[in-house]
Amino acid sequence: MKRLPVLWLLLWICAVYSVGIYLFVGGFLLVRLEVNRTSTCGDVLQPGEEPADFCRVRPRFRRAVLLIIDALKIDFAWFDPDNAAPRPYENKLPVLEETVASRPAHSRLYPFRADPPTTTMQRIKGFTTGSLPTFVDVGNNFASSAILEDNLIHQFGQDLHTVDNGILQHLYTTMVGDDWDVLVAHFLGVDHCGHRFGPDHPAMADKLTQMDGVIRSVIDRLQNDTLLVVMGDHGMTDTGDHGGESQKETDAAIFLYSPSPLFSSPPSQSEPDVVPQTDLVPTLALLLGVPIPYSSVGQVLLPVFPPHGQTEGAVGGLSQLEALWINAKQVNRFLETYSGMAKDIPPESLSQLKAEFSRLSSEYLATVQQGRPPPPQLAASLQAYLTSVRDTCRATWARFNPLKMAAGLVILALACLACLVLSELSDVLLREDGPGLRGPVVAALAAAVCAAAAQLRSRGHVEAVWCLAAAAFSSELLFLWRARRCGTAGGEKSGPGGAGWPTLRRLLAPHLLVPLLRCASLLSDSYVIAEGRAVTFLVFSLALYIPIRLNWDGLLLPPSHDPLKAAGILPPPALAPSTVRKEGFTLLACLGLLVGVLYLSLSFHACREEQGACQPSPFLSPLSRLQDSRLKNLHYVLSVCALALWTYLLRRFLRHYGNLNAASGAVFAARWVLPLLSVCLALYWAVSATPEDSFRNLAQLIVLAQRVLPRAAFCLVALGLSLIWLDPLTVFTKTRAAASTRSPPPPPPARYRASTGISPEAELHHLIPQIYQRMRRSLDDGELSRGAEEAGRPAVEAYGLGTVYTAPLLLLCGLLGVGLLLLHPEGMALSFLLLMLEMGALLHIHASSSTLSGPHAACAGGFNVPWTTVVLWSLAATQFFHATGHLPTFPSIQWGAAFVGFPDGHTGTVLPASLVTLNTFASHILFSVACPLLLFWPLVCEVRGGRAGRAGGEEGEDAVMEMRLRENPRQFSSALLQLSTRYLFILGAQVFASVCAAAILRRHLMVWKVFAPKLMFEASGFLVSSASLLIGVTLVLRVDVAVGRWFKRLIPDASR
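Keep in mind the model is a prediction, meaning the values are calculated, not measured. (Residues numbered from 1 in each chain as written. Predicted model: local features only at pLDDT ≥ 70, side-chain atom pairs only at ≥ 80, totals over all residues. Heavy atoms only, no water.)

1. Brief notes about the overall build of the protein
- In terms of regular secondary structure, the protein is built from 39 helices and nine strands.
- Evaluated residue by residue, the protein yields a buried proportion of 55% over its 1056 residues.
- Sequence-distant contacts, at least 24 apart, represent 79% of the contacts inside the protein between residues at least 6 apart.
- Accessible surface, the protein as shown: approximately 43500 Å² in total, 60% of it carbon and sulfur. (Helix = DSSP H or I, 4+ residues; strand = E, 2+ residues; numbered from the N terminus. Buried < 20%, exposed > 50% of the residue type's maximum accessible area, 1.4 Å probe, protein only. Contact = heavy atoms within 4.5 Å. Areas by Shrake-Rupley, 256 points an atom, 1.4 Å probe, with all protein chains shown as cover.)

2. Examining helix H25 (residues 665-688)
- Here H25 contains 24 residues, and its C-alpha end-to-end distance of 32 Å stays within 8% of the 34 Å for a straight helix at 1.5 Å per residue.
- Valine 673 marks where H25 bends most, by close to 35 degrees; the proline proline 675 follows one to four residues later. (Expected span 1.5 Å × (residues − 1). Bend = angle between axes of the 7 residues up to and from the residue.)

3. As for the pairing of strand S4 (residues 182-187)
- With respect to burial, S4 is a largely interior element, six of its six residues being buried.
- Residue alternation in S4 divides its side chains into two sets, Val182, Val184 and His186 and Leu183, Ala185 and Phe187, and both sets are buried.
- Inspection of the sheet shows strand S1 (residues 63-69) paired to S4 by six bridges, in the parallel sense. In the strand pairing of S4, alanine 64 is matched with valine 182. (Pairing = 2+ DSSP bridges.)

4. A closer look at the environment of glycine 905
- Its location among the elements puts glycine 905 in the loop between helix H32 (867-883) and helix H33 (910-920).
- Sequence spacing of glycine 905 and leucine 188 is 717 residues, and the spatial spacing of their C-alpha atoms is 9.5 Å.

5. Thoughts on the state of the cysteines
- Applying the stated criterion across every chain, the model contains one disulfide.
- Put simply, cysteine 607 and cysteine 614 are joined by a disulfide, and their sulfur atoms are 1.9 Å apart. With the S-S bond torsion at -65 degrees, the cross-link from cysteine 607 to cysteine 614 turns out left-handed.
- Residue class for cysteine 607 comes out partly exposed when judged on its relative accessible area of 22%.
- Cysteine 680 takes part in no disulfide bond, and the closest cysteine sulfur to it belongs to cysteine 715, at a distance of 9.6 Å.
- Among the cysteines around cysteine 996, which has no disulfide bond, cysteine 416 carries the closest sulfur, lying 8.9 Å off. (Disulfide = S-S within 2.5 Å.)

6. Quick look at the pattern of salt bridges
- Here the structure, examined in full by the defined rule, presents 22 salt bridges.
- When the shortest N-O distance is used, the salt bridge between arginine 108 and glutamate 271 registers 2.8 Å. Placement of the pair is arginine 108 in strand S2 (residues 107-113) and glutamate 271 in the loop between strand S6 (251-257) and strand S7 (275-276), with a sequence separation of 163 residues.
- When its relative accessible area of 3% is taken as the criterion, arginine 108 is described as buried.
- Of the residues examined, glutamate 271 reaches a relative accessible area of 11% and is grouped as buried.
- Look at the salt bridges and you will find they share partners, linking Arg518, Glu531, Lys1014 and Glu1018 into a network. (Salt bridge = Lys/Arg side-chain N within 4 Å of Asp/Glu carboxyl O.)

7. Here we look at the packing of aromatic side chains
- This model, assessed by the stated rule, comprises 24 aromatic pairs.
- Between phenylalanine 921 and phenylalanine 1017, the aromatic rings sit 6.3 Å apart at their centres with planes inclined by 50 degrees, giving tilted as the arrangement. One end of the pair, phenylalanine 921, is in the loop between H33 and helix H34 (922-929); the other, phenylalanine 1017, is in helix H39 (residues 1007-1050), and 96 residues separate them in sequence. The pair phenylalanine 921 / phenylalanine 1017 is uniform in exposure class, with both members buried.
- Members of the aromatic cluster, each reached through a chain of ring pairs, are Trp325, Phe357, Tyr364 and Tyr385. (Phe/Tyr/Trp six-rings, centres within 6.5 Å; stacked < 30°, edge-to-face > 60°.)

8. Points about the side chain of glutamate 271
- A distance of 2.8 Å separates a polar atom in the side chain of glutamate 271 from a polar atom in the side chain of arginine 108.
- Reaching out from glutamate 271, the side chain makes a polar contact with the side chain of tyrosine 110 at a distance of 2.7 Å.
- Among all residues touching glutamate 271, those that are not within four sequence positions of it are Arg108, Tyr110, Pro266 and Pro303. (Polar contact = N/O pair within 3.5 Å; in protein donor to acceptor, adjacent residues only side chain to side chain.)

9. Structural notes on the nonpolar core
- Ranked by size, the top nonpolar core spans 212 residues in total, and within it Phe28 and Trp873 carry the most contacts.
- Per-element tally for this core: the top contributor is H39, with 21 residues.
- In this structure, this core is formed jointly by two domains, domain 1 (3-26 + 402-489) and domain 3 (509-559 + 573-731 + 803-943 + 958-1055), each of which donates at least three residues.
- Setting aside residues up to four positions removed in sequence, tryptophan 873 forms contacts with Met839, Leu842, Leu843, Phe927, Ala930, Cys931, Leu934 and Tyr983. (Core = buried A, V, L, I, M, F, W, Y, C linked by side-chain atoms within 4.5 Å. Domains from an automatic or database assignment.)

10. Here we look at unusual backbone geometry
- Look at alanine 71: it is not a glycine, yet its phi comes out positive at around 70 degrees.
- Along the chain, alanine 71 turns up in the loop between S1 and helix H2 (74-77).
- Relative accessible area serves as the criterion here: at 0%, alanine 71 is assigned to the buried category.
- Although it is not a glycine, asparagine 91 sits at a positive phi angle of roughly 60 degrees.
- Residue placement: asparagine 91 occurs in the loop between H2 and helix H3 (94-102).

11. Focus on the confidence of the model for the protein
- Summarising the model, the protein shows a mean pLDDT of 81, and 80% of its residues fall at 70 or more.
- By mean pLDDT, the top-scoring element of the protein is H34 (97), and the lowest-scoring one is strand S3 (residues 160-163) (36). (pLDDT = per-residue confidence, 0-100.)

12. A short note on the side chain of arginine 982
- Looking at the secondary structure, you find arginine 982 in helix H38 (residues 969-1000).
- Residue arginine 982 is classed as buried on the basis of its relative accessible area of 8%.

13. Here we look at the packing of H34 against H39
- Packing of H34 against H39 brings their axes to within 7 Å, and their N-to-C directions diverge by 30 degrees. The angle between H34 and H39 places the two elements in the roughly parallel class. For the pair H34 and H39, the crossing hand works out as right-handed. From H34, His924, Ile925, Ser928 and Val929 reach across to H39, where they touch Gly1021, Val1024, Ser1025, Ser1028, Leu1029 and Gly1032.
- Here the residues of the contact of H34 with H39 sort into four nonpolar, six polar and no charged. (Axes fitted to C-alpha atoms, helices over the stretch in contact; angles between N-to-C directions. Parallel < 35°, antiparallel > 145°, perpendicular 65-115°, else oblique. Left-handed = near helix turned anticlockwise from the far one by under 90°. Nonpolar A, V, L, I, M, F, W, Y, C, P; charged D, E, K, R; others polar.)

14. Things to note about the pairing of S1
- Burial analysis of S1 places seven of its seven residues in the buried class, which makes it a mostly covered element.
- Burial along S1 is two-sided: Arg63, Val65, Leu67 and Ile69 facing one way and Ala64, Leu66 and Ile68 facing the other are all buried.
- Across six bridges, the pairing between S1 and strand S5 (residues 226-231) is parallel. Bridged to arginine 63 within S5 is threonine 226.

15. Let's talk about the environment of leucine 801
- Positionally, leucine 801 belongs in the loop between strand S9 (798-799) and helix H29 (806-821).
- Among the residues examined, leucine 801 registers a relative accessible area of 1% and is labelled buried.
- C-alpha separation for the pair leucine 801 and valine 960, spaced 159 residues apart in sequence, amounts to 8.9 Å.

16. Regarding a nonpolar patch on the surface
- A contiguous nonpolar surface patch, about 430 Å² in accessible area, is contributed by Phe537, Phe540, Leu544, Ile548 and Val595.
- The leading source of residues in the nonpolar patch is helix H21 (residues 531-552), at four residues.
- One can find phenylalanine 540 in helix H21. (Patch = residues over 30% accessible without salt bridge, like charges linked within 9 Å, V, L, I, M, F, W, Y side chains within 5 Å.)

17. Details of the environment of leucine 478
- Inspection of the secondary structure puts leucine 478 in helix H17 (residues 464-494).
- The exposure class assigned to leucine 478 is partly exposed, which follows from its relative accessible area of 24%.
- Between the alpha carbons of leucine 478 and proline 440 there is a distance of 5.7 Å; along the sequence they are 38 residues apart.
- Filtering out sequence-adjacent residues up to four positions away, leucine 478 remains in contact with Gly439, Pro440 and Ala443.

18. Quick notes on the packing of H38 against H39
- Where H38 meets H39, the axes come as close as 8 Å, and the angle between the chain directions of the two elements is 170 degrees. The angle between H38 and H39 falls in the class roughly antiparallel.
- By residue class, the composition of the contact of H38 with H39 is 17 nonpolar, six polar and three charged.

Structure follows, in structure tokens:
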């Protein structure tokens, strides 16, 4: 078997796909140039005659306390005294409304609106820099040190105390001291509670009540020169998630308070209904007497500044008009700097803003120089100018790079074509005289060097992305040109039915129309919104096509009696009637099972915001959120039963085919690691569902178990995967006594079977005395018996060799499935069980259809897996993405997966990001790793029916199952490469369709709500799927190496 060529070709095609995705995403996602400049107190803002604008007056406040309560939505802050039956999150922060009512001059409570994306890191960036984080910044949610621009915290220097773990142990003692300017306390408990339990849970009431006590204690300790700001960074949905742009996610709360008067007048109709988060930065900067960060585009909150001419009563500070003037000059300075660096603001908009600022400057300076009171509309005009700048920046930063987008589209299109060609010409390309990858790789390196040299000569610097683009494009073109030549020659040699260059007629075959229709549908926002149900319908339709096509060809039912065939005039049927009936019944039974699984899987879907009256599945809620103890116990029992059935079915298969008898690492993983992993998971579910106050004496033990059990499960998964890789063989060899030299050699067995089981009886059923043609000849000649007698080696009785490739691959999927289930809510155990049943149904439908097709499939070539099956497999991966509670939206991301085993959070970013990724793309991982099973399963099921040529009274050869692949190594390599590239082509076509939809509809109203998230999820899913597919293929190649060594130890001259 040609292992390295297969692996290198797959790595190359995945690499060019990745380059295309990287290029397009880099040109499509919203980006802006970061201005790495810092404001200082000595800055002179133009126009003006003041020596400095910042820090020129005595600040209103000397210190500030910022209490950031993560996910403090505005609904949590309101207090309704008439609400007699409040929900768990209502009326739990009475201190806010009490303070506003009793001390209106000292406090205010406002809705605090965030710009999407509503992820924590982006919101912190927004209200510390005053800038507008773009869509691409959502990728930095785990990179908490990614704020590079000038920000409010930087302006205070090093006098910053950020407390996270043990906040309450340090907060009050820090406030008593006098060695700080600003104190920031970031409370994560409300956000964690929302992710784990949701807002409508008693645990949320306890956490909000705790925050109420914290705010009261801080208020009691404040001094007159200190400002208190209590705020949330974002809100949350009814399920406790966030990340999108719905009002429940964007509307947080902000509470301002000071022991000294903060507002010059009581609340009035002129006050803002909502405070944008960007407005906090300039407001705090001017109140505390520090420079406004350079890149801020927010505007000051006017109610906290006294009207013009009424500053005498304030201890220092600026009037409303003075604050607006400094704010406008600072924003104008940023606008001029940015427009000079980026050149992306439309010239007409820029000229209008400059003209408006020039007019306002003349009016303001004339008013100051003449000493007359400013006109009433001046302040409103300055506010309108600041709003216009922010709106212009927001629209400008929704910009695209057309050149990168076009390059990405071209490279992705060529990658899809190359992948399709590779699948159709896999046998030709793997020949000794095939084109190989040496030429494309050399061309790629040369093109990259040329691109780098051209950039150095023209620009003076090198942008690596264009070097990658040149390398990918040149390698694709050269590969397609050489494949075209080989494909033409190969098609002429193999005839009209053989492999050849893909034509339009082949692409429009019925089995490819379904993925083409799905790709076209990605241009519709309605389809993307309803994708979960639409893909379920497509799986059902394509699965139904298989028996209909078999029946159309007359292969589903046994042929009627024909006297010409009975007389021998016509050839006999390829399969015996009993075999046809058995396989037809199996196919229809599995089709019925598939329909049932598809119907039940709809019970596990989540709901998008656009779906209105849709109700999410109750199984998406963790057991800890359920209040009804009976319902909680029922869900737990169902989940444990599903987990037990998952483990039992996997071990039952391995036992049935004799794969649990060897003394190998893989068998140890199946016998011990898998059951222990399931027990750990069941115990963790029980512990995590137990309220911490249920057993007060065991509270610490419960908290410890919530950490230890998941980490033990992670270690067991790692141990099992390592054992499978290091020792993947599950073959048991039985020693047989050598024949005496004085007695005649025993006759060779009359028949040879692949082992399908081992039993304690003396006569073992389904034996493999030998599998291999050369071993068979050796036994027939008596050479093996003599060799065994001379060398002391055991003669050949092997169990589990017929499923030597399938067994470790199934075991790998089983361990991965349980490990991925650990990152999901407990109720998803039922969905994972349905996933396993659907996999089994699809595999058996494929095996039965292959057997019924008989010589028709053989004529198509070797062990090739048909397109219909590959398309079904890829659609099933997408279907179970939705059936495990996921959606292509950011609010649907199950962030709680990052805290499984780590309830106190993480110090780094790689681990939580990895856990969330594994949770989100669990179905993609399982179906991709298991993809090679499509090649092996018809051979595994060979013992049910037999191969062509066994009917009609002829004694054909017995089933040797997967060893048939060892007897045809070239066809094995070709079939494995063809299956992998066909699967990658379907996934790549979906990515290409998403890319086209995002490019064509980039100015569509729903682009950032529907199409951009879909592109992100589709591209990420492709990268995860391709990596998982490589893992599955690599394991197959690893098993093939181990099988070759096993045969070499057994018969040195028989191994291949």
